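# Structural characterization, general
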Amino acid sequence: MKRKAKFLCSFLCVISGIVLSVSFTYKHLWFLCMFCLVPLFYVILKYEFKTKTMLKYMFLFQLGYYVPLMMWLLNMSVLLPFSNTKSRLILFSATVFIGILQGFYISLATVFFAKAKTNTLSDVFLFSLLFVLGEWFMEHTPIIAFPWGKLGVIATPFKSFIQSASIFGGMFISFLILIINGTLAYIIINHKYSEKTLTAIIITGMIFTVNLAFGYTRIKSEVKGKPVKAMVVQGNFSGLDKWHSSSKDMFEVYLNLTRQNARKDTKLIIWPETAVPTSFCTESCYCTELKKLSEELNATIVSGFFICEEKDNKKYYNALIAFLPDGTISDSYCKQVLAPFGEYFPLGNYLARRFPALSELIESSSGVSRGDKTKVLEADNSKIGAIICYESIFTKMSVENSRQGADILVVASNDSWFGESPALYQHFSHSIMRAVESQKYVVRASNTGISAIISPFGEVISSARPFKKTTATGNVYLSDHQTFYCKTGEIFVIPCIIAYIYTIIKNICKFMHNG
């Protein structure tokens, strides 16, 4: 490739990533995800290059996507025990690190594609499968799993399009988006060959049409299950105010909002993650008051607390607990997937030993222990699937809860750190995908928003206005039905792995032939 062509390819990859970040940053521009990957596909389909060049282009694309997408991290500078300038520099470095990390996963999955191309439409499908495998790597890495920017989640406003997630999960929606973009690029490259372009249009058109037809039919189907009136309570204690305010005063706000807005037929009330930032104790005044309130309203109240393990007072867990109308309390669910750099510091002990200067930062970013298993909350005639904040971006949470018989999913979150940044909506979008994948109602309570009730089709049927002390109420239907996706799990990763093995074999064969 000539120098000018190399520069053009690099530029197109970066532009693809930047425009993709715009599509997830601004809700009304979500449709850009259906077109913005065309420049990336144009580069990898049109030009022949070496494996290391393929790595470079995928890194440039991911940096162009993730660095702008994650700039909201700078809002969290107030949490760090340093000056504002130093804190923002640290968080900007973390943003770049996340971009590099995600670039590594996608690059790892697509690294052998360049030598496996056949210059046919099958290349579009092959690369799409490999890219989706990269997204799977993002979610299942053992050190830092951060699947924040999955392609499928961007398309959640397109309700008919995302319903097939109930069959193959959100990763299948990512695959469809890639196929659409890749086909458009293929048509541009082969516009002089009418037979090739016609074949591409027919095949992709059929896939798109069948997917939409399924989605439309599913949305029009009747929702089955036991009807229940649910309410989310949004206390609106933003950022550091939540931790600097009196626990008693905060508790009173939630009590008053609940009493003032609960109706006689309200049977399920959800408070946010660590609604009152204090350690839970069955003898505490908070526990006693919540028991009384649950009995008084004849409703189940689910709230977030910190709980301390009795055997080891040094272990604190971020947990959800249900208070039942008969005065009893459910077992607690302890958060399993902790937020990196917020609740734990990846490789923290190792880094603290090697770099003592980081000890203060590592200590300030740790302190919460990891729960060991998924546990539904047994409530009054229902089983509540509990998901806490960061966990909602992981597909396994809805799957595991559904398999344990959950008939509704509850997401308790504290998104106050995001401020009014796009992260508020981005995080919320994952809850929409969890509802579609599991075909269950999702009741989401967040400290400052977005608090809402989401239907099994991903439709927001009731929501609270962000950054207001308020509530939202709506009807939900309890159902222990399991979708095909929840029954089988991520079986769509199988063809992705097969595609990866195929590219490895093709590369080995070419190496042996040339050698």
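Here goes a summary of the coordinates provided. (Residues numbered from 1 in each chain as written. Predicted model: local features only at pLDDT ≥ 70, side-chain atom pairs only at ≥ 80, totals over all residues. Heavy atoms only, no water.)

The omega angle of the peptide bond from G449 to I450 is 10 degrees, so this bond is cis rather than trans. Tracing the backbone shows I450 in the loop between β10 (442-446) and β11 (452-454). One non-glycine residue, N298, adopts positive backbone phi at about 55 degrees. Assignment of secondary structure puts N298 in the loop between α13 (285-297) and β4 (300-308). (Helix = DSSP H or I, 4+ residues; strand = E, 2+ residues; numbered from the N terminus.)

This part covers the packing of aromatic side chains. Inspection of every chain in the model, using the stated rule, returns 34 aromatic pairs. For the ring pair F168 and F484, a centre distance of 6.3 Å and an interplane angle of 90 degrees mean the geometry is edge-to-face. Of the two residues, F168 sits in helix α8 (residues 165-168) while F484 sits in helix α18 (residues 484-488), which places them 316 residues apart along the sequence. Residue class for F484 comes out partly exposed when judged on its relative accessible area of 42%. On the numbers, 6.1 Å between centres and 25 degrees between planes, the contact of F172 with F175 is stacked. Taken as a pair, F172 and F175 lie in helix α9 (residues 170-189) at a separation of three residues, close to a single helical turn. (Phe/Tyr/Trp six-rings, centres within 6.5 Å; stacked < 30°, edge-to-face > 60°. Buried < 20%, exposed > 50% of the residue type's maximum accessible area, 1.4 Å probe, protein only.)

This brings us to the packing of helix α4 (residues 84-110) against helix α5 (residues 122-140). α5 packs onto α4 with a crossing angle of 140 degrees between their chain directions and a minimal axis gap of 8 Å. Judged on the interaxial angle alone, α5 and α4 are oblique. In this structure, α4 crosses over α5, and the sense of that crossing is right-handed. Taken together, the residues of α5 that come into contact with α4 (itself represented by Q102, Y105, I106, L108, A109 and T110) are F127, L130, F131, L133, G134, E135, F137 and M138. Along the lines of polarity and charge, the residues of the contact of α4 with α5 split into 10 nonpolar, three polar and one charged. (Axes fitted to C-alpha atoms, helices over the stretch in contact; angles between N-to-C directions. Parallel < 35°, antiparallel > 145°, perpendicular 65-115°, else oblique. Left-handed = near helix turned anticlockwise from the far one by under 90°. Contact = heavy atoms within 4.5 Å. Nonpolar A, V, L, I, M, F, W, Y, C, P; charged D, E, K, R; others polar.)

Once that is clear, we can look at the pairing of strand β1 (residues 226-234). With seven of nine residues buried, β1 is to be regarded as a mostly interior element. The pairing of β1 with strand β13 (residues 470-478) spans nine bridges and is classified as antiparallel. Looking at β13, one finds that P227 is bridged to Y477. (Pairing = 2+ DSSP bridges.)

With that settled, consider the side chain of H427. You can see H427 is positioned in helix α17 (residues 423-438). With residues near it in sequence (within four places) discarded, H427 still touches W148, C389, Y390, S392, I393, S413, D415, F418 and R444.

Taken as a whole and assessed by the stated rule, the structure comprises six salt bridges. For K117, the salt bridge is made with E48, and the minimal N-O distance between the two is 3.8 Å. In this pair, K117 sits in the loop between α4 and α5 while E48 sits in the loop between α2 (38-46) and α3 (51-69), placing the two residues 69 residues apart along the sequence. For K117, a relative accessible area of 9% corresponds to the buried category. You can call E48 partly exposed: its relative accessible area is 48%. Between E273 and K335 there is a salt bridge, and its shortest N-O distance comes to 3.9 Å. Of the two residues, E273 is situated in the loop between β2 (266-270) and β3 (279-280) and K335 in the loop between β6 (333-334) and α14 (348-354); the sequence distance between them amounts to 62 residues. Exposure class is identical for E273 and K335. Each is buried. (Salt bridge = Lys/Arg side-chain N within 4 Å of Asp/Glu carboxyl O.)

Before going further, it helps to examine a positive patch on the surface. Together, K6, K50, K52, K56, K115 and K510 give the surface a local cluster of positive charge. Inspection of the secondary structure assignment puts K115 in the loop between α4 and α5. The exposure class assigned to K115 is partly exposed, which follows from its relative accessible area of 31%. (Patch = residues over 30% accessible without salt bridge, like charges linked within 9 Å, V, L, I, M, F, W, Y side chains within 5 Å. Areas by Shrake-Rupley, 256 points an atom, 1.4 Å probe, with all protein chains shown as cover. Lys, Arg positive; Asp, Glu negative; His and termini not counted. Charge placed at Lys NZ, Arg CZ, Asp CG, Glu CD.)

Okay, the environment of K50 next. With respect to the helices and strands, K50 occurs in the loop between α2 and α3. For K50 and V111, which are 61 residues apart along the polypeptide, the C-alpha to C-alpha distance reads 9.7 Å. Setting aside chain neighbours within four positions, we find K50 in contact with A114 and K115.

Put simply, side chains in a regular strand alternate between the two faces of the sheet. By the criterion of burial, strand β8 (residues 382-388) is predominantly enclosed, with six of the seven residues buried. In terms of strand pairing, strand β7 (residues 377-379) meets β8 through three bridges, oriented antiparallel. Bridging from a neighbouring strand, L377 pairs with I384 of β8. In sequence, β7 turns back onto β8 through a hairpin of two residues, with N381 there showing a positive phi of about 60 degrees. Examined bridge by bridge, β8 and strand β9 (residues 408-413) share five bridges and lie parallel to one another. Each bridged residue has a counterpart across the sheet, and for I384 the counterpart in β9 is I408. The parallel pair β8 and β9 is bridged by helix α16 (residues 395-403), and the resulting crossover is right-handed. (Right-handed = clockwise from strand over helix to strand, strands pointing away.)

The next point concerns the sheet that holds strand β12 (residues 460-463). Sheet architecture is open: six strands sit in the order β7-β8-β9-β10-β11-β12, paired in mixed fashion. The sheet terminates laterally at β7 and β12, the two strands that pair on one side only. Strand-to-strand twist in this sheet, taken as the mean axis angle between neighbours without regard to direction, amounts to 25 degrees. Both β11 and β12 contribute to a ladder of three bridges, which runs antiparallel. Pairing of I454 across the sheet is with V460, part of β12. Here α16 sits on the sheet in contact with β8 and β9, set at roughly 160 degrees to β8.

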